[in-house]
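A structural walkthrough
If you want the building blocks of each chain, they are given just below.
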Amino acid sequence: MDFGPHLMLAMLEGLVQASVLTLTALGLSLVFGVMRVVNVAHGEFFMLGAVLAWWITHMLGGSAAIGFVAALIIAPLLVGLLAGAADWLILRRVDYDPERTIVATIGLLYIIQQVTLMTYGPDAHPVAPPFNTRLALPWFEWGEAGFAMYWPWGLSTTSYKLFVIVAAIVILIGVWLLMAKTRIGLILRATQLDSEIAQAFGIPVERIYALVFGMGAALAALGAVLVVPIQQAHYLMGADPLLLSFIVVIIGGLGSLRGTVVAAVLIGMSDGIISVFFTPTLAKMLATLLVAMVLVYRPQGLFGARSA
């Protein structure tokens, strides 16, 4: 395959990674933006979404499409409820203190991971995609007859990968509409701006914190359900999404939803392209180097506000 088609294939793979990473990082950014809590267990909520997706589809059996749709609804809901319960049982007890919440979520990380290992087991399990048609992709060339299209061997993708990209875009639009156009979004933005003033105006801040923590975990689980037919569910699969999500929110700006989306596309695309042409390790190294440069030259991130 020539370089052009090969690059196009790498960009498609990068778009799939960017789509899932955007949802995962958006959940982490939302939690920090409203609660000022760094959730170290965020990757384990991602892992739980994948494991629950396998469990739901395995229990239902029958049609892969029915099992996938059920997992797409039930898994994020269960993970969100679990995260809300963790907020009530753990984070509220430490009064959302930044240092203690980091330690608490580290403990939560290991609890979720080890309970999953004891119940789910150490093996990776696949989830069948609801549809997976192979689609040949065209390329172009300039020949003696001028512009012409052709179909290079190997330049193809699947209908499910295109669905992941479209689904992520739809979910992002839904989150934006929720935050910008609804009353609950107004309450979330007011709590983010000043939680004490919000509480003085009668907003139940602790309930909002539980809701936001659950929403952040549910977004991560939703990304996991979308990606698990491409990857496999495994009890250790939360490490990479956690690392990349932290990279994204640092580059985009802690608490900035717009910066999170831009940085997720940047990191996801570069990670996919570099992984195809070189190695995934090099992609992680370059992403970490980019974080170091952002912290040195623009500590607030690309879209973060400067501290007063």
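You'll find the structure just up there.
What comes next is a walk through the structure. Since the structure is predicted, the reported quantities are computational estimates derived from the model, not experimental observations.

**Description of the packing of aromatic side chains**
In total, this model carries 8 aromatic pairs according to the counting rule given. Ring pairs connect the aromatic residues F68, F131, Y160 and F163, which therefore count as one cluster. The ring of W88 has R93 lying over it, and the distance from NZ or CZ to the ring centre is 4.8 Å.

**Some words on the pattern of salt bridges**
Scanning the entire structure with this criterion turns up 3 salt bridges. Between E13 and K161 there is a salt bridge, with its nearest N and O atoms 2.8 Å apart. Linking E13 in helix α1 (residues 3-35) with K161 in helix α5 (residues 159-181), this pair joins segments that are 148 residues apart in sequence. For E13, a relative accessible area of 24% puts it in the partly exposed group. When the shortest N-O distance is used, the salt bridge between R100 and D97 registers 3.8 Å. With a relative accessible area of 24%, D97 lands in the partly exposed category.

**Side note on helix α8 (residues 205-227)**
The terminal C-alpha atoms of α8 lie 33 Å apart, and with 23 residues this matches the ideal 33 Å at 1.5 Å per residue to within 8%. Within α8, 19 of the 23 residues are buried, which leaves the element mostly enclosed by the surrounding structure.

**A closer look at a nonpolar patch on the surface**
On the surface, a cluster of nonpolar side chains totalling about 560 Å² of accessible area is made up of V69, I73, I74, L77, L78 and L81. Locating V69 in the fold gives a position in helix α3 (residues 64-91). Classification of V69 as partly exposed rests on a relative accessible area of 45%.

**A closer look at the side chain of T191**
When you line up the elements, T191 lands in helix α6 (residues 183-193). Given a relative accessible area of 1%, T191 falls into the buried group. What T191 contacts, discounting residues up to four positions off in sequence, is V34, A198, I203, V205, I208 and Y209.

**Overview of the side chain of S245**
Here S245 lies in helix α9 (residues 239-252). With residues up to four places along the chain from it excluded, the contact list for S245 reads L21, T24, A25 and L28.

**Considering the environment of R189**
Here R189 is to be found in helix α6. On the basis of relative accessibility, which here comes to 36%, the residue R189 falls in the partly exposed class. The spatial distance from the C-alpha of R189 to the C-alpha of Q113 is 32 Å, given a sequence separation of 76 residues. In contact with R189, not counting residues within four places along its chain, are M179 and A180.

**Remarks on the nonpolar core**
Counting residues in hydrophobic clusters, the biggest one holds 64 residues, and the most contacted among them are M35, F45, V212 and F213. Elements that contribute at least two residues to this core include exactly α1, α2 (42-60), α3, α4 (98-120), α5, α6 and α8. Beyond its immediate chain neighbours, meaning those up to four positions away, F45 contacts N39, V79, A83, L108, I112, F213, A217 and A221. A25, I247, A263 and V291 belong to the second-largest nonpolar core, a separate cluster that totals 12 residues.

Cut-offs used in this document
Residues numbered from 1 in each chain as written. Predicted model: local features only at pLDDT ≥ 70, side-chain atom pairs only at ≥ 80, totals over all residues. Heavy atoms only, no water. Phe/Tyr/Trp six-rings, centres within 6.5 Å; stacked < 30°, edge-to-face > 60°. Lys NZ or Arg CZ within 6 Å of the ring centre and 35° of its normal. Salt bridge = Lys/Arg side-chain N within 4 Å of Asp/Glu carboxyl O. Helix = DSSP H or I, 4+ residues; strand = E, 2+ residues; numbered from the N terminus. Buried < 20%, exposed > 50% of the residue type's maximum accessible area, 1.4 Å probe, protein only. Expected span 1.5 Å × (residues − 1). Patch = residues over 30% accessible without salt bridge, like charges linked within 9 Å, V, L, I, M, F, W, Y side chains within 5 Å. Areas by Shrake-Rupley, 256 points an atom, 1.4 Å probe, with all protein chains shown as cover. Contact = heavy atoms within 4.5 Å. Core = buried A, V, L, I, M, F, W, Y, C linked by side-chain atoms within 4.5 Å.

These figures come from the coordinates and say nothing about function on their own.
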